[in-house]
Amino acid sequence: MIITYVYADNNFEWNTSNWRCVIPSRAINRTGKHTAHLMSLVDFNKGLKESQHLCEQSDIIVVERNFALDTLNAILRWKSKDKVVVGNFDDAYQLMPSSNSSYGYWMKGEMRFIGADGKEGMTIIKPRPLDQFIWGLRILDAITVSSQLLADDWKEYTDSYYFPNYFEVNNYLKAAAPYHDGIIIGWGGSLSHIESFKDGGVLPALKQVCKQRPQVKVMIVGDKRVYDMLDVPEEQKIFRSFVPYDLWPNVISEFDIGLAPLHGPYDSRRSWIKPLEYSLLKIPWIASDNPAYEEVRDYGVLVNGFAGWQSALLDMVDNITTHRQRVSGEPYRFALKQSSDQNVETMLKIYAEIIYKSTGRVMKI
């Protein structure tokens, strides 16, 4: 089987494409029996000779998230040539809160650009990208998404498949954290988690825990807005900037306790990345009791509300050795099983099923 992944992230925002395109493609190529190619969305849209050649030889083309504008035209072009084209994404764009950095684009059609004079400008896309995205869903042969709720959201538009974010576990197993005193409670993430912290009780709980346990520090990686929302003494909070994917495990391995707060319907469509990352690094974790984490319920502590967060955090700080021993057992073993190499046959079976339903062709796995 030959699969071509069309990735959407630019260098400055590189994250989702790694999980949805690069990691699966590497695992597929490591089988030695199947081939996966990577292509940028820009090249896919331009339809240059090399990108055309890759698409022509592919059994299936997997396009990431931006089913609008030139990409919608490119999808239609390949569909007219009887190619199987699949959508691939991990966000609930239809439920995106206004605090999300991409809200203006998806919900209002706002697109910024740099003019010939070097000045930034903005144009309005009509119809808005979310509406074009929905048109695209109707055209695609299927979608693969990182959440069962997301698959359920869109199943009336096209065939929907739950395709989890799998891990390159060796990147985590080799991570090593420097020694530090005290207890670091940590979280890291993109610019889409403001509601996760503002609502649900985790912020006031952290304030109280830092007050009651002076040996505790809170580390925030990535979004400075989350760091600024933390009402704890400056000496008890740490901020780190974004780092490349390969360095990410080294950063979060500094955590003694991992956080995974969620809130609202948008967050309920998140993937399981955070709890599994913590488990791979044998870091005890606390998360919101949310549908997004149903599959990992047994491997961490799930809570709701200020009282729940405060109680769980204090217990974990006071009994950190016991919690480390627990996460080093079955939670760690479960996380290891979510490696991309162990699940590559599952990925290929999904693609084979889509190809069969669309064309009647049977693909060997």
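Just above, that's the structure.
Residues numbered from 1 in each chain as written. Predicted model: local features only at pLDDT ≥ 70, side-chain atom pairs only at ≥ 80, totals over all residues. Heavy atoms only, no water.

Caption draft 1: View of the overall build of the chain. From N to C terminus, the chain includes 18 helices and 14 strands. Relative to the 2.2 N^0.38 estimate, which gives 21 Å for 365 residues, the radius of gyration of the chain is 21 Å and therefore close to what a compact globule would have. Sequence separation of at least 24 residues holds for 67% of the intrachain contacts in the chain that already meet a minimum separation of 6. Surface accessibility of the chain: about 16,200 Å² in total, with carbon and sulfur atoms responsible for 49%. (Helix = DSSP H or I, 4+ residues; strand = E, 2+ residues; numbered from the N terminus. Rg over C-alpha atoms; globule rule 2.2 N^0.38 Å. Contact = heavy atoms within 4.5 Å. Areas by Shrake-Rupley, 256 points an atom, 1.4 Å probe, with all protein chains shown as cover.)

Caption draft 2: Just the sheet that holds strand S11 (residues 237–240), in detail. An order of S11-S10-S9-S12-S13-S14 is seen for the six strands of this open sheet, with the pairing classed as parallel. Bordering the open sheet on either side are S11 and strand S14 (301–303), each of which pairs with just one other strand. Mean inter-strand twist for the sheet, computed between neighbouring axes without regard to direction, equals 25°. Note: strand S13 (residues 285–288) against S14, three bridges, orientation parallel. Paired with Ile-286 across the two strands is Val-301, which belongs to S14. Set on the sheet, helix H10 (residues 202–212) makes contact with strand S9 (183–188), strand S10 (216–221) and strand S12 (257–260); between it and S10 the angle comes to about 145°. (Pairing = 2+ DSSP bridges. Axes fitted to C-alpha atoms, helices over the stretch in contact; angles between N-to-C directions.)

Caption draft 3: Here's a closer look at the nonpolar core. Ranked by size, the top nonpolar core spans 86 residues in total, and within it Ile-3, Ile-60, Phe-167, Ile-185, Leu-313 and Tyr-351 carry the most contacts. Here this core takes eight residues from helix H18 (residues 344–359), the largest share from any one element. Apart from the residues lying within four places of it in its own chain, the contact partners of Ile-185 are Leu-206, Val-209, Val-216, Lys-217, Val-218, Met-219, Ile-257, Leu-259, Leu-313 and Val-317. Counting residues in each nonpolar core, the second largest holds 31 residues, with Ala-8, Ile-61, Trp-78 and Phe-89 among its members. (Core = buried A, V, L, I, M, F, W, Y, C linked by side-chain atoms within 4.5 Å. Buried < 20%, exposed > 50% of the residue type's maximum accessible area, 1.4 Å probe, protein only.)

Caption draft 4: Geometry of the sheet that holds strand S2 (residues 35–40). Pairing is parallel in the open sheet, where six strands are placed in the order S2-S1-S3-S4-S7-S8. Two strands lie at the open edges of the sheet, namely S2 and strand S8 (159–162), each paired on one side alone. Between one strand axis and the next, the sheet turns through 25° on average, direction left out of account.

Caption draft 5: Geometry of the packing of aromatic side chains. Overall, the coordinates contain 22 aromatic pairs when judged by the stated rule. Where Phe-163 meets Tyr-351, the ring centres are 5.7 Å apart and the plane angle is 35°; that geometry is what we call tilted. Placement of the pair is Phe-163 in the loop between S8 and helix H8 (170–173) and Tyr-351 in helix H18, with a sequence separation of 188 residues. Phe-163 gets classed as buried once you look at its relative accessible area, which sits at 3%. The buried category is assigned to Tyr-351, whose relative accessible area is 1%. Here a set of aromatic residues connected by ring pairs shows up, and it is made of Phe-67, Phe-89, Tyr-93, Tyr-105, Trp-106, Phe-133, Trp-154 and Tyr-157. Over the ring of Trp-78 we find Lys-81; its NZ or CZ atom is 4.5 Å from the centre of that ring. Over the aromatic face of Tyr-332 sits the side chain of Lys-282, whose NZ or CZ is 4.4 Å from the ring centroid. (Phe/Tyr/Trp six-rings, centres within 6.5 Å; stacked < 30°, edge-to-face > 60°. Lys NZ or Arg CZ within 6 Å of the ring centre and 35° of its normal.)

Caption draft 6: Layout of helix H3 (residues 49–57). Within H3, the full set of buried residues consists of Ser-51, Leu-54 and Cys-55. Taken around the axis of H3, the buried residues stretch over an arc of 95°, which confines them to a single face. Exposed residues pointing more than 90 degrees away from the buried face of H3 are listed as Lys-49 and Glu-50. Next to the buried residues of H3 lie strand S1 (2–7), S2, helix H2 (41–46), strand S3 (60–64) and helix H4 (69–80). (Arc of directions from axis to C-beta.)

Caption draft 7: Summary view of unusual backbone geometry. For the bond from Lys-126 to Pro-127, the omega torsion is -10°, close enough to zero to count as cis. Relative to the elements of secondary structure, Pro-127 occurs in the loop between strand S6 (120–124) and helix H6 (129–139). Its identity is not glycine, yet Asp-82 carries a phi of approximately 65°, on the positive side. Locating Asp-82 in the fold gives a position in the loop between H4 and strand S4 (85–89). Within the chain, Lys-282 stands out as a residue other than glycine whose phi angle is a positive 60°.

Caption draft 8: Molecular detail of the environment of Glu-120. Within the element layout of this structure, Glu-120 appears in strand S6. Judged by relative accessible area, Glu-120 falls into the exposed class, the value being 58%. For Glu-120, the contacting residues outside a window of four places in its chain are Arg-112, Phe-113 and Ile-114.

Caption draft 9: Here's a closer look at the side chain of Asp-9. Along the chain, Asp-9 falls in the loop between S1 and helix H1 (16–30). Taking the relative accessible area as the measure of exposure, Asp-9 reaches 6% and is therefore buried. Among the polar contacts listed, one links the side chain of Asp-9 to the backbone nitrogen of Asn-15, at a separation of 2.8 Å. There is a polar contact of 2.7 Å between the side chain of Asp-9 and the side chain of Arg-65. (Polar contact = N/O pair within 3.5 Å; in protein donor to acceptor, adjacent residues only side chain to side chain.)

Caption draft 10: View of the pairing of S1. With six bridges joining them, S1 and S2 adopt parallel strand pairing. When the bridges of S2 are listed, Tyr-7 appears paired with Ser-40. Traced from S1 through H1 to S2, the parallel crossover comes out right-handed. With four bridges connecting them, S1 and S3 associate as parallel partners. Pairing of Thr-4 across the sheet is with Ile-61, part of S3. (Right-handed = clockwise from strand over helix to strand, strands pointing away.)

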